[in-house]
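# Structural overview for review
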Amino acid sequence: MTYRFLKGHGTENDFVLLPDPDRSVHGDLSAERVRALCDRRAGIGGDGVLRAVRQGDRWFMDYRNSDGSVSEMCGNGVRVFARYLLDHEGAATPLEIDTRDGIKTVTLGDDDRLTVDMGSPVVLDRTSVSVDGVSHEALHVSMGNPHAVAFVDSLDEAGSLLTEPGHDRAVYPDGVNVEFVVRRGAHHVAMRVHERGSGETRSCGTGACAVMVATALADEAPRDTAYLVDVPGGRLEITWTADDRILMTGPAVLVAEGTSDL
Ligand SMILES: N[C@@H](CCC[C@H](N)C(=O)O)C(=O)O
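Everything quoted here is computed from the prediction, not taken from an experiment. (Residues numbered from 1 in each chain as written. Predicted model: local features only at pLDDT ≥ 70, side-chain atom pairs only at ≥ 80, totals over all residues.)

### A short note on the site of the ligand
- Around the ligand, the surrounding shell holds 18 residues, and the nearest of these are Ser 71, Asn 76, Asn 145, Gly 205 and Thr 206.
- Where the shell around the ligand is concerned, the elements lending two or more residues are α2 (75-88) and α3 (205-219).
- The element that contributes the greatest number of residues to the shell around the ligand is α2, accounting for 3 residues.
- Across the shell around the ligand, the residue classes break down as 2 nonpolar, 14 polar and 2 charged.
- The two domains that each donate at least three residues to the shell around the ligand are domain 1 (3-119 + 251-260) and domain 2 (122-244). (Near = placed C-beta within 6 Å. Helix = DSSP H or I, 4+ residues; strand = E, 2+ residues; numbered from the N terminus. Nonpolar A, V, L, I, M, F, W, Y, C, P; charged D, E, K, R; others polar. Domains from an automatic or database assignment.)

Structure below.
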């Protein structure tokens, strides 16, 4: 079976996008097919798959990690998804996209970056994560999906991130995305991430939002303060508004389009 795909990224968090308006092309989309598509040597390559399914008046973003697992939400992915809808499906912003974490509204800025209303964060307890046998205190933040945010003195402390950081499985029964953060200046941080289901990636949008929330709480920053969050693949700008919404702004680029019979 031959089907259409696009390839895109947001701050170098890269995705294979599969148009599948009425679910007739990919059926249930098996984990095996997702892994084959995301394979960087034998496949197209990506940190995850975004399947575009039409659902009534809206489009549903069916997101899968590169290991085939399902996640509730993907912040960089939803911007890439919006770019696809704007460029290829005649959509206009503000644009409502359905996700497993509910509807996300995306707007297009004059500078061509996209802003996503990511909803309200849920700040949970303190926990800990470990890499290379060293334990780090972390904050449990949910952005629809689970995060542990650990402040470190140097991003080198995150080690190679080739393997999943240790974490409390009672706190995170379904796994966790782990962010390591350093300060760069006032309202400016940098991070590295190990993503559940994908390993270390060049960026994680929900992770950057969780990092911003943990930093703003530590700073006791007033709401509506804009933070810059640097990731290995670029920069995201994030604001926690007075009405408890997280607004994330960043780039989204489509780089290729083709057909595959993988
Ligand atoms: N890269 C994404 C997050 C993707 C899902 C995550 N790995 C999970 O399993 O929760 C982002 O940009 O938010």
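### Section: unusual backbone geometry
- Of note, the amide linkage connecting Thr 93 to Pro 94 takes the cis form, showing an omega dihedral of 0 degrees.
- Among the structural elements, Pro 94 can be located in the loop between α2 and β5 (95-99).
- Positioned with a positive phi, Asp 112 is a non-glycine residue whose angle comes to about 75 degrees.
- With 10 C-beta atoms counted inside 10 Å, the residue Asp 112 sits in the exposed group.
- Although it is not a glycine, His 187 adopts a positive phi angle of roughly 55 degrees. (Buried ≥ 20, exposed ≤ 12 C-beta atoms within 10 Å, placed from the backbone.)

### Points about the domain arrangement of the chain
- What the domain assignment reports for the chain is domain 1 (3-119 + 251-260) and domain 2 (122-244).
- Summarising the inter-unit geometry, the C-alpha centres of domain 1 and domain 2 are found 23 Å apart.
- Taken together, the contacts link 20 residues of domain 1 with 18 residues of domain 2.
- Residues belonging to the side of domain 1 that touches domain 2 are distributed by class as follows: 4 nonpolar, 11 polar and 5 charged. (Contact = placed C-beta atoms within 7 Å.)

### Details of the UniProt feature "binding site: substrate" (unreviewed entry) in the chain
- Cross-referencing UniProt, the feature "binding site: substrate" (unreviewed entry) maps to Asn 13, Asn 65, Gly 75, Asn 76, Asn 145, Asn 177, Glu 195, Arg 196, Gly 205 and Thr 206 in the present numbering.
- For Asn 76, the location among the structural elements is in helix α2.
- Judged by the 35 C-beta atoms lying within 10 Å of it, Asn 76 falls in the buried class.
- Leave out the neighbours within four places in its chain, and Asn 76 touches Gly 10, Thr 11, Asn 13, Ser 203, Cys 204 and Gly 205.
- Tracing the backbone shows Gly 205 in helix α3.
- In this view, Gly 205 contacts Gly 10, Asn 13, Cys 74, Gly 75, Asn 76, Leu 236, Met 248 and Gly 250; residues no more than four positions away in its chain are not counted. (UniProt positions renumbered as here; feature names shortened; annotations may be inferred.)

### Quick word on the environment of Gly 45
- One can find Gly 45 in the loop between α1 (31-38) and β3 (48-55).
- As for Gly 45 and Phe 15, which are separated by 30 residues in sequence, their C-alpha atoms are 7.6 Å apart.
- Leave out the neighbours within four places in its chain, and Gly 45 touches Cys 38, Asp 39 and Arg 40.

### Side note on the pairing of strand β17 (residues 246-250)
- Residue alternation in β17 divides its side chains into a buried set, Ile 246, Met 248 and Gly 250, and an unburied set, Leu 247 and Thr 249.
- Both strand β7 (residues 114-117) and β17 contribute to a ladder of 4 bridges, which runs antiparallel. Within the sheet, the bridge partner assigned to Asp 117 lies in β17 and is Leu 247.
- Sheet topology places strand β16 (residues 234-240) next to β17; 4 bridges connect them, and they run antiparallel. The partner of Thr 239 across the bridge, within β17, is Leu 247. (Pairing = 2+ DSSP bridges.)

### Observations regarding α3
- A rise of 1.5 Å per residue sets the reference length of α3, with its 15 residues, at 21 Å; its end C-alpha atoms lie 21 Å apart and thus fit the reference within 8%.
- Burial of α3 is extensive: 12 of the 15 residues sit out of reach of the surface.
- Among the residues of α3, those classed as buried are Gly 205, Thr 206, Gly 207, Ala 208, Cys 209, Ala 210, Val 211, Met 212, Val 213, Ala 214, Thr 215 and Ala 216.
- Within two residues after α3, Glu 220 carries a phi angle of roughly 50 degrees, on the positive side. (Expected span 1.5 Å × (residues − 1).)

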